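# Summary of the model geometry
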Amino acid sequence: ADELVKHIELISGVELPVIAQGETPPAGAVAVRIGHAADEALEDLILAEGDSYSSFALIVDGDGVSIRGLNPEGAQFGVYELLEQLGVRWFMPIELGAVIPESDTIRLERQETIQVPSMDYRRLQQSRWSAPDEWFQRNRMGGEARSTGSHGIPPFRRNRDLFESNPEYFALIDGEREFRQICASNPGAVNETVNWIRDNYEATEDSIYIGMGPNDGEGYCECEDCSTLDGDVYDPLYGMTSVTGRYIWFFNEVLDALEDEYPNLRLAWYVYARHMMPPPPELDPNPRIVHVFAPITLDRTRGMDNPMSPDRHVLRHIVDGWAERGPEEMYYRGYYNNLACPQFPFSQIDRLRNEVPALHERGVNVMRVEVIYQSWASTPITPYLALRRMWDVDGDMDALLDDFYEKFFGPAAGAMGRYFEDLEAAFRDTPYKTGSSYLYFPIFDQQRRDALRGAIERGAELAEAEAGADSDYARRIHMIGQGFERMELFLDMIAARNAHDFQTAHELVEAYIELTDAMIDKEWVVSREADGGGYFGRFFRQPIASGHHRTVEAGDLVKGLPDEWDFLIDPAEIGELAGYYRAGELGGNWQRLKTSSRSWSDQGLHYYTGDAWYRAHVTIPEEYEGREIYLWFGGVDNEAKVWVNGQLLGTNREPLHGLPGEAGTFRPFEFLATEAVRFGEENTVTAKTTNDRLAELGTGGIVAPVMLWSPHDPDWTPEN
């Protein structure tokens, strides 16, 4: 009732009186009956369509307006349906995101509207960003709450005492018990979890959902019993045996032990990482195990039917494999954001259009999808569309989009519609594989940038001419324009960095931070980017700051190494034995690979783990003879061992000569190379990189520029 009164007053300036059930309405008034004030018989109309928690009936007839749900949430969603019919929208959870029409008259069509949500539970899981609860409720997020998967199995999570008393319940690694994972095949470990559930939940026939699963990361038990339960299920994404079987056996045992006391107990776990593949055929999962798909390594941008995304076709295969095993419920955990990115312009319209119905068709009835670091200037439509798609998987997406363009941009609807359609096409149709901000390098060439910027500029002209520069339409386009400008600053910064122009790159960093600060002040960006930290700082700012200090403040650029190097993978780890680090030319099947401008994944090395070798040749001008020469790397993923002319300089984690720099994954590091280089001659720089972890981003090897530089002060060190 409060929401209805508030919004009707915003529309018309009239405050509706609220009276209690049983009181007499004012003479001649049209009554709006909400919840228990409406006819109880409306529940039968709802139940004829379905018994979902959030369902409602909205009736408009000669007796007035009646809104009733199976519970208060359903009644509230019925009020929001009424307001939406009046033209109200809540596209974003900030002041500019609400659309409230103005009218002296409120008109409603006679109707009998019954709505039942497609998904039983719908949630955008906020991680490192926040929006008010009312925004989610207004867009019908909710439903009967479900516990989804979690990392760790009670009572083993962070339980050092249990590890000390019963180490046999924990993983056996190289003959020693370790704390990270459990020994899932141990009957005693099963009993510990069974007893924990008995201690924490009263016996009941009601539905209980408990989240549990392996801890995040590696450290899986290597004992014979666990390995036997895994069977021969091979996970090609990780290049090793899947560990699914042991956990399905563990969950089966827990559910069987508690069948009589908790007949409706369900265990929800993440189908994720090395436990994405279905278990061996001989191991039948209990149908009350809830599989929660969290495909963090499988293209978090595009849908399962996209021909540009082989990853998502793998996901389709995985979901189908689990669906065939007969679970009662399956959930989708997924991601509706660009992971590990400051959130530049981004679109997932095609994915929402096609993938949500496909998941629902396969039996997914809960969506609890993670969203990180939201930027409303970059993605004003995806979260809104996601919630609407979860509510109605068969809804008309084109109608939703047209409604958004018209109400959000007014006279600029056509121009801004083209902007968003072209932005969607960029992500949908470009053959890229990398995540994070690295995916922007192949997508946004100059031609595409010019076209998108032109659409924004045309939209701004139309909005200002017809509605005024101070109108909400013009302000929204200005917001979109600043989000696009922020991305362009980033792309130009990377281009300058890759050309070893650290002065320009540094200036663009400062402009990027200044613009981001201004956008945060307006609530257009929700992130930790104000100080250049967050993902921007982790992946991109440090190399630029380091390179600027060395080539502008403390010394001279001697030679920038090329973007393309000779490259050879070494899965057998024979490179050092074969002398790949030697100076001069080498035989073998070496290929050319870009370093700072393209990722491994975008050059055919999708999720490769293992050793790889890089070789480049560079001539150092004689004029630098007599000065100290440093070999500087902007960053690798995740380890590197470096030689110059066959002389070992060290690794990025343990450089020789006491020069650690900022050694670490994606961070710059350097070596004193004076004794190894030859002036006026060709020098061979060799780097052996090791990517020993599956990267969610799809990166590996050298990920930033490499250069030789010389300090003005011969006593310079990274510490001073």
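Residues numbered from 1 in each chain as written. Predicted model: local features only at pLDDT ≥ 70, side-chain atom pairs only at ≥ 80, totals over all residues. Heavy atoms only, no water.

Looking now at the overall build of the protein chain. Scanning the protein chain for helices and strands turns up 19 helices and 29 strands. Against the globule reference of 27 Å for 720 residues, the protein chain gives a C-alpha radius of gyration of 30 Å, in line with a compact fold. If one aligns the C-alpha atoms of the protein chain with their principal axes, the spans along those axes are about 100 × 70 × 45 Å. Sorting the 720 residues of the protein chain into buried and exposed places 58% on the buried side. Here the analysis covers contacts within the protein chain between residues at least 6 apart in sequence; of these, 75% occur between residues at least 24 apart. Counting 64 positive and 121 negative side-chain charges, the protein chain places the averaged centre of each group 2 Å from the other. (Helix = DSSP H or I, 4+ residues; strand = E, 2+ residues; numbered from the N terminus. Rg over C-alpha atoms; globule rule 2.2 N^0.38 Å. Buried < 20%, exposed > 50% of the residue type's maximum accessible area, 1.4 Å probe, protein only. Contact = heavy atoms within 4.5 Å. Lys, Arg positive; Asp, Glu negative; His and termini not counted. Charge placed at Lys NZ, Arg CZ, Asp CG, Glu CD.)

Quick look at the layout of surface pockets now. One number sums up the size of the second largest pocket: a volume of about 890 Å³. What lines the second largest pocket is a set of 33 residues, and nearest its centre among them are Leu 16, Val 30, Ala 31, Val 32 and Arg 33. Elements with a contribution of two residues or more to the lining of the second largest pocket: helix H1 (2-12), strand S1 (32-34), strand S2 (56-61) and strand S3 (64-69). With 4 residues, H1 is the single largest residue contributor to the lining of the second largest pocket. (1 Å grid on protein atoms, 1.4 Å probe; cavity = no way out; pocket = protein on both sides within 12 Å on 5 of 7 lines; lining within 4 Å. Points joined across faces, edges and corners; volume = space filled by probe spheres on them.)

Attention now goes to the packing of helix H12 (residues 397-409) against helix H13 (residues 413-429). Following both chains from N to C, one finds H12 and H13 inclined at 130°, their axes separated by 9 Å at the closest point. Comparing the axis directions of H12 and H13 gives the class oblique. Regarding H12 and H13, the two cross each other, and that crossing is right-handed. From H12, Phe 404, Tyr 405, Glu 406 and Phe 409 reach across to H13, where they touch Ala 413, Met 416, Gly 417, Phe 420 and Glu 421. Here the residues of the contact of H12 with H13 sort into 6 nonpolar, 1 polar and 2 charged. (Axes fitted to C-alpha atoms, helices over the stretch in contact; angles between N-to-C directions. Parallel < 35°, antiparallel > 145°, perpendicular 65-115°, else oblique. Left-handed = near helix turned anticlockwise from the far one by under 90°. Nonpolar A, V, L, I, M, F, W, Y, C, P; charged D, E, K, R; others polar.)

The next point concerns the sheet that holds strand S22 (residues 630-633). With respect to topology, 4 strands assemble into an open sheet ordered S18-S29-S22-S26, the strand pairing being antiparallel. Each edge of the sheet is formed by a strand with only one pairing partner; in this case those strands are strand S18 (555-560) and strand S26 (669-672). Between one strand axis and the next, the sheet turns through 30° on average, direction left out of account. For S22 and S26, the ladder comprises 4 bridges, and the chain directions are antiparallel. For Leu 631, the partnering residue across the bridge sits in S26 and is Phe 671. Strands S18, S22, S26 and strand S29 (706-711) of the sheet are contacted by helix H18 (residues 534-553), whose axis makes an angle of about 110° with S18. (Pairing = 2+ DSSP bridges.)

Locating Gln 348 in the fold gives a position in the loop between strand S16 (330-332) and helix H10 (349-361). Among the polar contacts made by the side chain of Gln 348, one reaches the main-chain carbonyl oxygen of Arg 300 at a distance of 2.7 Å. If we skip the residues at most four places from it in the chain, Gln 348 touches Arg 300, Thr 301, Tyr 335, Tyr 336, Asn 337, Thr 382 and Glu 424. (Polar contact = N/O pair within 3.5 Å; in protein donor to acceptor, adjacent residues only side chain to side chain.)

Following the sequence through the fold, Arg 107 ends up in the loop between strand S5 (98-99) and strand S6 (111-115). Given the relative accessible area of 67%, Arg 107 is considered exposed. Along the backbone, Arg 107 and Glu 134 are 27 residues apart, and their C-alpha atoms lie at a distance of 25 Å.

Relative to the helices and strands, Pro 117 is located in the loop between S6 and strand S7 (121-127). A residue is classified by how much of its surface remains accessible, and Pro 117, at 5% relative accessible area, is buried. Excluding anything up to four places from it in sequence, Pro 117 contacts Ser 52, Ser 54, Ser 55, Arg 122 and Trp 391.

Tracing the sequence through the fold places Gly 414 in helix H13. Counting along the chain gives 64 residues from Gly 414 to Asp 350, while the straight-line C-alpha distance between them is 19 Å.

Going through the model one piece at a time under the given rule, you end up with 6 cavities of 30 Å³ or more. When its volume is computed, the largest cavity comes out at roughly 80 Å³. Around the largest cavity sit 14 residues that line it, and Asp 299, Arg 300, Thr 301, Thr 434 and Gly 435 are the ones nearest its centre. Of the residues in the lining of the largest cavity, the class split is 5 nonpolar, 5 polar and 4 charged. Here the second largest cavity defines a volume of roughly 60 Å³. Tallied by class, the residues present in the lining of the second largest cavity amount to 5 nonpolar, 6 polar and 1 charged.

For the coordinates displayed, the defined rule picks out 59 aromatic pairs. Between Phe 77 and Trp 391, the ring centres sit 5.6 Å apart and the planes meet at 90°, which makes this aromatic pair edge-to-face. With Phe 77 in helix H3 (residues 72-85) and Trp 391 in helix H11 (residues 382-391), this residue pair connects regions lying 314 residues apart in the sequence. Note on Phe 427 and Phe 444: the rings are 5.9 Å apart at their centroids and 70° apart in plane angle, and the pair reads as edge-to-face. Taken together, the residues Phe 427 in helix H13 and Phe 444 in the loop between helix H14 (440-443) and helix H15 (446-467) connect sequence positions 17 residues apart. With respect to class, Phe 427 is no different from Phe 444; both count as buried. Above the ring of Phe 408, the side-chain terminus of Arg 476 is found at 4.7 Å from the ring centroid. The ring centre of Trp 590 lies 5.7 Å from the NZ or CZ of Arg 615, which sits over that ring. (Phe/Tyr/Trp six-rings, centres within 6.5 Å; stacked < 30°, edge-to-face > 60°. Lys NZ or Arg CZ within 6 Å of the ring centre and 35° of its normal.)

Bringing the pairing of strand S21 (residues 610-619) into the picture now. In terms of residue burial, S21 counts as a mostly covered element, since 8 of its 10 residues are buried. Pairing geometry for strand S19 (residues 564-570) and S21, over 5 bridges, is antiparallel. Residue pairing in the sheet places Leu 568 in a bridge with Trp 613 of S21. When S21 meets strand S27 (residues 682-691), the two strands line up antiparallel, connected through 10 bridges. Paired with Val 618 across the bridge in S27 is Asn 683.

Honestly, that's just the spatial picture; any functional story needs more than this.
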